Amino acid sequence: MRTRDAPPVHATGACYSLSCNCGPDADRQSVELPRAYAYVRAHLLVCKSEVNRTKERLLAFATTSSLDLAAIFVEEGTRSPAAFGRLLDAVISDQVEVVLLPSMLHLTTLGSPRCIRTYFEVATGAQVLALP
């Protein structure tokens, strides 16, 4: 939620943060937080409201960890990991430093979570973190 008296938190330029409190034309101070993306497999959660609660937990964790959660990639289907492919491309092209997961379980449908995590970190240079 944006408040009028809240200080801006991003450097000049386009802002894509889910937690941003600045407007597109606002004068902005330079406060660089490491950018993070998140990945969620929706079918592992009970219902749509659980997906939304998980997104809120990811955002809260990012905020308390001084991360700028800029996007959450949600895998809707179970057959093709399209959102994971988009996440991989985006992390590389945007030079994202951290990828958040609700749990390592969200990598299991892609293979061994340990192997996928290692591959992803080596391929992108980003650190993969599961929520505590």
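What you see is a predicted model, and the numbers here were worked out from it, not measured in a lab.

Observations concerning the sheet that holds strand β4 (residues 127-130)
And then number 1: Pairing is parallel across the open sheet formed by four strands, whose spatial order is β2-β1-β3-β4. The open sheet has two edge strands with one neighbour each: β2 (68-75) and β4. Across this sheet, the average inter-strand angle for adjacent strands is 25 degrees, counted without regard to direction.
And then number 2: In the packing of helix α1 (residues 48-64) onto the sheet, contacts are made with β1 (35-41), β2 and β3 (98-101), and the angle to β2 comes to roughly 155 degrees.

Here we look at the nonpolar core
And then number 1: Within the largest apolar cluster, 19 residues are counted, with the highest numbers of intra-cluster contacts made by Tyr37, Tyr39, Phe73, Leu87, Val91 and Phe120.
And then number 2: Of all the elements, helix α2 (residues 82-94) adds the most residues to this core, at six residues.
And then number 3: Grouped together as the second largest cluster of nonpolar side chains are 14 residues, Ala36, Ala62, Leu100 and Leu131 included.

Overview of the pattern of salt bridges
And then number 1: In total, this model carries three salt bridges according to the counting rule given.
And then number 2: Measuring nitrogen to oxygen at the nearest pair gives 3.8 Å for the salt bridge that ties Glu75 to Arg41. On the criterion of sequence distance, the pair formed by Glu75 in strand β2 and Arg41 in strand β1 is long-range, its members being 34 residues apart.
And then number 3: You can call Glu75 buried: its relative accessible area is 2%.

Remarks on helix α3 (residues 113-124)
And then number 1: With twelve residues, α3 should cover 16 Å at 1.5 Å per step; its first-to-last C-alpha distance of 16 Å lies within 8% of that length.
And then number 2: Residues of α3 that are buried include every one of Ile116, Phe120 and Thr124, and no others. Angularly, the buried residues of α3 cover 40 degrees about the axis, an arc narrow enough to put them on a single face. Residues of α3 that are exposed and point more than 90 degrees away from the buried face comprise Arg114, Cys115 and Val122.
And then number 3: Where α3 is buried, its residues touch α2, β3 and β4.

Notes on the confidence of the model for the chain
And then number 1: When pLDDT is averaged along the chain, the result is 83; 77% of the residues meet or exceed 70.
And then number 2: Below pLDDT 50 for its whole length, residues 1-13 participates in 27 contacts with residues either more than four positions away or in separate chains.
And then number 3: Within the model, pLDDT remains below 50 along residues 23-28, and this stretch shows eleven contacts once partners closer than five positions in the same chain are excluded.

Side note on the packing of aromatic side chains
And then number 1: Taken as a whole and assessed by the stated rule, the structure comprises three aromatic pairs.
And then number 2: Measuring from ring centre to ring centre gives 5.4 Å for Tyr39 and Phe84, while their planes differ by 75 degrees; the resulting arrangement is edge-to-face. A residue pair is termed long-range when its members are at least 10 positions apart, and Tyr39 in strand β1 and Phe84 in helix α2 qualify at 45 residues.
And then number 3: Since its relative accessible area comes to 0%, Tyr39 is described here as buried.
And then number 4: An aromatic cluster is defined as three or more aromatic residues linked by ring pairs; in this entry it consists of Tyr39, Phe84 and Phe120.

Each value, and the rule that gives it
Once a new chain begins, its residue numbering starts again from 1 and follows that chain's sequence as written. It should be noted that, the model being predicted, local features are given only for residues of pLDDT at least 70 and side-chain atom pairs only at 80 or more, the latter also being counted only at that level, while totals for whole chains, interfaces and linings use all residues. Hydrogens and water molecules were not included; the side-chain quantities draw on all heavy atoms of the structure. Here, any two strands with at least 2 DSSP bridges between them count as paired. In this description a helix means any DSSP run of H or I spanning at least four residues, a strand means any run of E spanning at least two, and both kinds are numbered starting from the N terminus. Whenever a helix is involved, its axis is fitted only over the stretch in contact; in every case the axis is a line through C-alpha atoms, and angles between N-to-C directions fall within 0 to 180 degrees. The contact criterion used is simple: two residues touch if any of their non-hydrogen atoms lie within 4.5 Å. Buried Ala, Val, Leu, Ile, Met, Phe, Trp, Tyr and Cys residues that are joined via side-chain atoms within 4.5 Å together make up what is termed a nonpolar core. Accessibility here uses a 1.4 Å probe with only protein chains present; expressed as a share of the type maximum, an area under 20% marks a residue as buried, one over 50% as exposed, and anything in between as partly exposed. Criterion for a salt bridge: a side-chain nitrogen of Lys or Arg within 4 Å of a carboxyl oxygen of Asp or Glu. Expected span, for any helix, means 1.5 Å times one less than how many residues it has. Within this analysis, the arc is defined by the directions that extend from the helix axis to the C-beta atoms. pLDDT expresses, on a scale from 0 to 100, how confident the predictor is about each individual residue. Aromatic pairs are defined between Phe, Tyr and Trp rings, using the six-membered ring for Trp, whenever the two ring centres lie within 6.5 Å; interplanar angles under 30 degrees are classed as stacked, those over 60 as edge-to-face, and all others as tilted.

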